[in-house]
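# Breakdown of the fold
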Amino acid sequence: MSTARVSFYVLGGTGPNTRLGYACRLLEKAYKLRNRIHAHTADASMAQALDTLLWTFRQGSFVPHELLSAGSQPTAPITIGSAVPANGAEPPDADLLINLAADVPAFYTRYPRIAEIIDGSPAGREAGRARHRFYREQGLDPETHEVS
């Protein structure tokens, strides 16, 4: 059983990059605190979109990261992978898992901290509720933060 600390960040917006934009801010903050982070996305196209956005989301920001690829040994403090990887790469252990997929990844127990980012869309809220229930069923007590 995991003893992870799970935090839900509930956003009001519903735009296409609402969750990814907040993920960039969270990744930058965690990186500045010297954490190793794995961002888990729904698919390869979302992973690529997050990769691109991390280079441009804020003027003057530098967030060293890399997309996972099969057979490589990640060297950046931030890795980005997906639930449907094109390359079958296994995510590395890290201090923080940021989950942007609709489901909780099977490997969540390897991380001491988990961040779930939920947007304001009905589908996003419902998927977030399902993940919240899952964590509670695993004996964890997720905390929720409303983000304006």
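Report follows, based on the coordinates. (Residues numbered from 1 in each chain as written. Predicted model: local features only at pLDDT ≥ 70, side-chain atom pairs only at ≥ 80, totals over all residues. Heavy atoms only, no water.)

Each α-helix winds once per 3.6 residues, and so residues spaced three or four apart point in a common direction. Its 13 residues give helix α2 (residues 44–56) an end-to-end C-alpha distance of 19 Å, which sits within 8% of 18 Å, the value for a rise of 1.5 Å per residue. Among all positions of α2, only Ala47, Leu50, Asp51, Leu53 and Leu54 are buried. Each element contacted by the buried residues of α2 is listed here: α1 (18–32), β2 (37–41), β3 (65–67) and β4 (78–82). (Helix = DSSP H or I, 4+ residues; strand = E, 2+ residues; numbered from the N terminus. Expected span 1.5 Å × (residues − 1). Buried < 20%, exposed > 50% of the residue type's maximum accessible area, 1.4 Å probe, protein only. Contact = heavy atoms within 4.5 Å.)

A few words now on the pattern of salt bridges. Pairs can form between side chains of opposite charge whenever their charged atoms are close. Under the defined criterion, the tally for this structure stands at eight salt bridges. Here Glu143 makes a salt bridge to Arg5, at a shortest N to O gap of 3.2 Å. Linking Glu143 in strand β7 (residues 143–147) with Arg5 in strand β1 (residues 5–11), this pair joins segments that are 138 residues apart in sequence. On the basis of relative accessible area, Arg5 is assigned to the partly exposed category, the value being 44%. With its nearest N and O atoms 2.4 Å apart, the salt bridge here joins Glu28 to Arg58. Of this pair, Glu28 sits in helix α1 while Arg58 sits in the loop between α2 and β3, and the two are 30 residues apart along the sequence. (Salt bridge = Lys/Arg side-chain N within 4 Å of Asp/Glu carboxyl O.)

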